[in-house]
Structure formats: C-alpha cells, structure tokens
Amino acid sequence: MSESETVLSFDAVHTYYGQSHILRGVSFRLARGECVSLMGRNGMGKSTTLRTAMGLVPPVRGQVAHFGVGANGRPSYKSANAGIAFVPEGRGIFPNLTVRENLMVAARPGREGRTDWTLERVLALFPRLAERIDNWGNNLSGGEQQMLTIGRALMTNPSVLLLDEATEGLAPLIREEIWRVLGEIKATGIACLVVDKNVKRLVEICDRHLLLVKGELVFDGNGEDLMADQDFLHRHLGV
Amino acid sequence: MDLTLLLIQLLNGVQYGLLLFLIASGLTIVFGIMGVINLAHGSFYMVGAYLAWSLTAWTGSIFWALLLGVPLAAMLGLLVERLFIVHLYNRDHLQQVLLTFGLILIFNEMQSIIWGDDPHSVPKPDFLQFSIPLTEVQSYPAYNLFLAAVCLVLAGVMYWVVQKTRLGMRIRAGSSNPEMIQALGINTKVLFATVFSIGTTMAALAGLLAAPERSVYPGIGEQVLIISFVVVVIGGIGSIKGAFVGAMMIGLMDSLGATILRAFDDVELMSGLSVDNLTSVTVYALMAAILLWRPAGLYGRAH
Ligand SMILES: Nc1ncnc2c1ncn2[C@@H]1O[C@H](COP(=O)(O)OP(=O)(O)OP(=O)(O)O)[C@@H](O)[C@H]1O
Ligand SMILES: [Mg+2]
C-alpha cells in the first residue's frame, strides 16, 4: 500500500438531526498515518463529523469512504472492524467493567492481522492504568477514564483514531500527559483526526488542520497558513 | 414448630428460589440490556414444561427431554427475537407490553391447540423416584434435591459466563452503553439476539426441570412471569446478582412464610383469608418495603 493511501474521506457530506441541517457539504481526506485536527467553536459540527465518519450518524447526501470503500449506511461496528477507532466526547467507559475488562472487551487484531497493541503495551503507555487494573471503571478519575478510553481504542489495533475533546475537563498535568500520548500514537503511524479546543497544541502536533463553521469547512491547510491570518482565527475560534 | 419441618421448608425455599433465579435472570438481562419488557418470558417456561411432558412421553426419560428440549427452546427464542422482539428495541414500554402480551395470547392458544387444556404430570426418572428419610414420618424427595443441585450448577455457569468470559463482558458493556460497544466493533444485533435466546432458553430449561416436580397445566407461564417480575424489581433491573438475591428472598419467604404463618394458625384469621392468601401478600409487601428503601431495587442503578 502506498504512503498516500486515503484512509478516510468525506465528499460533500450532508447530515441532519431530524430537521436541523448540521453538516453542509463537508469534504476532506485523511491519508495513512496523517494527523489532522478538526477545530471550530461550540456547536459547529465537529462531533457530528466524527460520528458521521464512524457511521453513528448517517450521511443524507454525499459520500463517506473508509480505505477507498464507500461507507454510507455502514453500521458503526463495521467501521470499527474496518480499522477505525472512536474516542467519544464524554469518554463512554463501561462503569460496570474493570479497567482490564474495559481494555479487553473489544481487543482484537487490526487490518492485515496487525497486533501492535497488546495489553502490556497499552499499560506501558499509561502506567496509571496498570496501577488501577482491577478497579471498576466508575472508580477512576476523569483523567484515568480518558486514558482508559484511548487505551481501549488502541486495543482494537486501529489504522485510524477519531478523538473527540480528549483533554476536556482535565487538570493541566493530565492534559499534558494526554498530549504526550497523542504524540506517541501518531509516531506509531496511526492516522488521527483530533478535535480539541487547544489550538496551540493542535498546531504543534498535527500535520494539517480543518476548521468548521456552521457545518462547512472554511479552512483546510497547514499550521503556518492557519496561524498567519490572526483575524480569521479570532473570528472563527475566538483566539 | 419442629426442626425437621423447618429444614424441609428451608430446602423447599432454596430450591424454589434457585428455580426462580433461572427464570428471572433472563428476564432481568433482556430488560436491563435491551430495554425490552418481555411479558412473554413466562411463556417460554410454559413451553419448557409442555416440552418436558411430550418429550418424556415420547422418549421415556426426562433426560432425553432436556437434551432435545433445550435446543428447541433456543431456536424458538431466536425465532421470536428475529420476528418480533427486534422491532421493540428503542420503542416505548407501552408498545413492548402490548406486543409481548399479544405473544402470550398466541403462545397460550398454541398450547391449547397442540397439547390440550388438561393438566399433566411428568414422571420422575426411576433412579430419582425415592425420598430421603429425615425422621420416621418425614422425608424429602430426591428429585427436588437433584433439581436444586442442577439449578445451582446453572447459576454458577451463568455467573462464570457473565463475569469471566468475553461474551459476559460484552453483555455487561452492552447493558451500560450499547452505542459504545457497537462503536468498538461488536455487532449488537447478534449480541442482543444471543442474549435474548439464552435468557428464554433458561426460562424454558426451568420449565423442563420443574415439570416432574410441579405438574404441567395451562396458565403456569403467567404464574411464573408475575413472580419473576417481582424478583427483577426487588433485585434491580439488569442485575444478575440482584436477581439471585431477590429470587432467594422470594423462595424462602414463600416456603418459610407459610410455615411461620401456620404456626400461628390458632390465631383467628379474618374470615376469607387463608394462609396461602397471606403468604402471597407477604411477597408483595416485601417488594413494596424494598422499593421504599431502595427505589431502584437492591442492586439497581438509579437513573
Ligand atoms: N442528537 C442531536 N439532536 C439534535 N441536534 C443535535 C444533536 N446533537 C447535536 N446537535 C446539534 O448539532 C449541532 C452540531 O453539534 P456537534 O455536537 O457536532 O457540535 P460540536 O462542534 O462538537 O460542538 P462542541 O464543541 O460543543 O462539542 C449543534 O448545534 C447541536 O446543538
Ligand atoms: Mg462536540
């Protein structure tokens, strides 16, 4: 497979929640191993974009594709089995499973039978989880829960990781730890689509940036170009 | 009140409790994970009991009846899930109650057509025909002990599956967050169908096992349904542990309650009230008391 293989693509995708038109013709591509940020103010459709990529929200018009294969209407479990892992807003850990069980519940080899991520490797990445391995999910702190959600996604040996507000509501030290881990994950060659509010960090870590305004992409380019127009940034991100 | 009698009632209570657990565990999982109130759950118990009767008559042994009846019940459960229950996920409780009540009527009509309306008894296997003497006059039937032992083993197997296997992890994960477990790559349609089929098969198995001890007659499904709902509500919806504790409480209450009430039978009861009436009232009183104390049941999660 070539380096520039597209792992996830949107072509003029429109989605609705009932009558409200949320995504209005979103198009972008995510290449193999690429790390892309998705920015935007509250309610602009960032989570909806990730949920649509996963198959949790159906595209009404346009085309979503995974690894070049059309994925409209594909249920989320098939997206996951195709190699896409989702770390949702609000984490979604299983409170009635232990840390070990949360990690093991969906563990499996990835595309082409890859088994890069094992329990040992995930615990090495998150030593705090190793300390709490037999605790119930709901006995964890917010930061530990976030680590658990990321670890759980890695245990499916994904090729693409969709991260929604992974640092939200965490203490500064824990945030730094999450950013460090993101850097390590990126270095292993997993393509990432990262939603976060911290523009500075995103620009440091991501190769490319997308900016959503009311369901439309108004920017798709590198960090330099994004930071060049401070007015534009201020208008659309409030920074 | 003599001690042997108390022992017998204790054994009866434990055995009845274990049987109730077998039935109620399926009901509570289906309710807790899939959010479906399945009123037809008791009908699977009824089908199990009638299968015990006709398969024992055909093969000559309750063991053959069990061997043939369990896969038949599993297939029936799968069929009902695919045809009817699948339309009830994410529907409101009224629609679920209406459809599954309709299923009860269909099941009962089928029972009447296939098996008739006469009560039947199912012979116990020869080697379990005896009773274990406790005193000169009192004894305990061996089949009841066998029944309790089998139920206990099944409860152990169920605990192991739910707590220790990947399927069990997924069942528990699905009960707390079905969308997330699906987004992790698990086909919840298959998971739900499996869970429903296992749950109804357990109910049918309870019917098969209990048939030689209780007789087989129209309406047994509804009887166990109501008491199973009491167990589920006491234990907390979706909690296997709760179902176990609730079932044992009801089982013991049912048998010991009657014994204790009979001990006071020199006390004048109000006219028209029998000990049996009072025993069944105590079960509901227990449920009401527990709900006052813990509105979500003993092990239920408050929403
Ligand atoms: N389930 C839903 N039903 C109806 N409308 C919804 C639903 N979920 C989100 N919306 C609306 O869709 C729009 C986009 O929501 P989305 O969650 O994608 O935004 P977001 O960019 O992730 O915002 P935030 O930064 O607050 O997470 C918002 O206006 C929101 O109110
Ligand atoms: Mg969001």
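Structure's up top.
Below: a short report on this structure. (Residues numbered from 1 in each chain as written. Chains lettered and ligands numbered in written order. Predicted model: local features only at pLDDT ≥ 70, side-chain atom pairs only at ≥ 80, totals over all residues. Heavy atoms only, no water.)

1. Focus: the pairing of strand β1 (residues 6-17) of chain A
Residue and element names in this part refer to chain A. Stated formally: Note: two strands are recorded as paired if DSSP finds a minimum of 2 bridges between them. Helix and strand definitions follow DSSP, with helices as H or I runs of at least four residues and strands as E runs of at least two, each counted in order from the N terminus.
Pairing analysis gives nine bridges linking β1 to strand β2 (residues 20-31), with the strands arranged antiparallel. Among the inter-strand pairings, Tyr17 is bridged to a residue of β2, identified as Ser20. Counting the residues in the hairpin turn of β1 and β2 gives two residues, including Gly18, whose phi is positive at 60°. Looking at chain direction, β1 and strand β4 (residues 61-66) are connected through five bridges and run antiparallel.

2. Details of the interface of chain A and chain B
This is how the line gets drawn: The contact criterion used is simple: two residues touch if any of their non-hydrogen atoms lie within 4.5 Å. Two parts placed together each lose some accessible area under a 1.4 Å probe, and adding up what both lose gives the buried area. Basic side-chain nitrogens of Lys or Arg form a salt bridge, by our definition, when they fall within 4 Å of a carboxyl oxygen of Asp or Glu. In protein, a polar contact means a hydrogen-donor-capable atom and an acceptor-capable atom, both N or O and within 3.5 Å, with residues adjacent in sequence counting only if both atoms are side-chain atoms; elsewhere, any N or O pair within 3.5 Å suffices. When residues are grouped by polarity, Ala, Val, Leu, Ile, Met, Phe, Trp, Tyr, Cys and Pro land in nonpolar, Asp, Glu, Lys and Arg in charged, and all others, Gly among them, in polar.
On the side of chain B, 19 residues touch chain A, which itself brings 24 residues to the contact. It is Tyr77, Phe94 and Val105 of chain A that lose the most area in chain A upon contact with chain B, and together they represent 31% of the buried surface on that side. Two residues, Arg172 of chain B and Glu101 of chain A, come together in a salt bridge whose shortest N-O distance is 2.9 Å. Inspection of the region where chain A meets chain B yields eleven residue pairs in polar contact (both at pLDDT 80 or more). Those elements that provide at least two residues to the side of chain A that touches chain B are α1 (46-54), α2 (76-81) and α3 (99-104) of chain A. At four residues, the largest contribution of residues to the side of chain A that touches chain B is made by α2 of chain A. Each residue belonging to the side of chain A that touches chain B can be placed in one class, and the counts come to 15 nonpolar, five polar and four charged.

3. Some words on the sheet that holds strand β9 (residues 208-213) of chain A
All names here are of chain A. Inclusion rule: The axes are straight lines fitted to the C-alpha atoms, using for helices just the contacting stretch, and the angles between their N-to-C directions are given from 0 to 180°.
Taken in spatial order, the six strands make up an open sheet running β6-β7-β8-β3-β9-β10, and their pairing is mixed. On the outer flanks of this sheet lie β6 (84-87) and β10 (216-221), each paired with one strand and no other. Ignoring which end each strand starts from, the neighbouring axes of this sheet average 15° apart. Examined bridge by bridge, β9 and β10 share five bridges and lie antiparallel to one another. Along β10, the bridge assignment pairs Val213 with Glu216. Against the sheet, helix α6 (residues 142-154) touches β6 and β7 (160-164), its axis set at about 170° to β6.

4. Points about the site of ligand 1
All names here are of chain A. Where we set the bar: Note on definitions. A residue lies near a molecule or strand when any single heavy atom of the residue is within 4 Å of it. Areas reported here follow the Shrake-Rupley algorithm with a probe of radius 1.4 Å; residue values treat only the protein chains shown as occluding.
Near ligand 1 you find 13 residues, and of these Gly43, Lys46, Ser47, Thr48 and Glu89 are the closest. The separation between an oxygen atom of ligand 1 and a polar main-chain atom of Gly45 is 3.0 Å. Look at ligand 1: alone it shows 640 Å² of surface, and the protein chains cover 59% of it. Of the residues that constitute the shell around ligand 1, the class distribution is three nonpolar, five polar and five charged.

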